[in-house]
Amino acid sequence: MELAVSYPKYENLLIIGHGLNGDYIVLNLITNTIGYIFHDELWENDDVKIKDIYIDMKYSIGEFYLRSLDERFPVDGFQAEKFMTALS
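Residues numbered from 1 in each chain as written. Predicted model: local features only at pLDDT ≥ 70, side-chain atom pairs only at ≥ 80, totals over all residues. Heavy atoms only, no water.

*Asks:* Help me understand a negative patch on the surface, please; the structure alone is not making it clear to me.
*Replies:* Residues Glu11, Asp40, Glu41, Glu44, Asp52 and Glu81 make up a contiguous surface patch of negative charge. Counting residues per element, the negative patch draws most heavily on helix 1 (residues 39-44), at three residues. Within the element layout of this structure, glutamate 44 appears in helix 1. Here glutamate 44 falls in the exposed class, since its relative accessible area comes to 68%. (Patch = residues over 30% accessible without salt bridge, like charges linked within 9 Å, V, L, I, M, F, W, Y side chains within 5 Å. Areas by Shrake-Rupley, 256 points an atom, 1.4 Å probe, with all protein chains shown as cover. Salt bridge = Lys/Arg side-chain N within 4 Å of Asp/Glu carboxyl O. Lys, Arg positive; Asp, Glu negative; His and termini not counted. Charge placed at Lys NZ, Arg CZ, Asp CG, Glu CD. Helix = DSSP H or I, 4+ residues; strand = E, 2+ residues; numbered from the N terminus. Buried < 20%, exposed > 50% of the residue type's maximum accessible area, 1.4 Å probe, protein only.)

What follows is the structure, given as structure tokens:
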């Protein structure tokens, strides 16, 4: 019995939760940082490349959840994209 299933489409991203609008909160298994994936684009387009709809927040799990206590912190992919753009 095989317990693990490989999904190459997700490119080493593990879904660990959902934002308020349904966007996926993911853990990057390579960098150990948290990010968002736009759920609507993922479901509407079978050919979408995850790298095109993935927003890397560049925070560890602990940093991400600590910062999420601040009401100004992004709660979905759209806000995360604006937030990260403002930081750069």
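Further notes follow.
*Asks:* In this structure, what is going on with the pairing of strand 1 (residues 13-18)? I would like to understand it.
*Replies:* Across five bridges, the pairing between strand 1 and strand 2 (residues 24-28) is antiparallel. If you follow isoleucine 15 over to strand 2, its bridge partner there is valine 26. Between strand 1 and the antiparallel strand that follows it, strand 2, lie five residues; glycine 22 among them carries a positive phi value of about 105°. (Pairing = 2+ DSSP bridges.)

*Asks:* Quick question: what am I supposed to make of the pairing of strand 2 here?
*Replies:* Consecutive side chains along a regular strand alternate between the two faces of the sheet. Most of strand 2 is tucked away: five of the five residues are buried. With burial as the criterion, each face of strand 2 is covered, one bearing Tyr24, Val26 and Asn28 and the other bearing Ile25 and Leu27. Across four bridges, the pairing between strand 2 and strand 3 (residues 34-37) is antiparallel. Within strand 3, the residue paired with valine 26 across the bridge is glycine 35. Counting the residues between successive antiparallel strands, the hairpin from strand 2 to strand 3 contains five residues, one of them, asparagine 32, with a positive phi of roughly 60°.

*Asks:* Help me understand a nonpolar patch on the surface in this model?
*Replies:* A grouping of Leu14, Ile16, Leu29, Ile61 and Tyr65 is seen on the molecular surface, where their side chains present a nonpolar patch of about 420 Å² in accessible area. When contributions to the nonpolar patch are tallied by element, the ones reaching two or more residues are strand 1 and helix 3 (61-67). Mapped onto the elements, leucine 29 comes out in the loop between strand 2 and strand 3.

Functional significance is not addressed by these values, which are geometric in nature.
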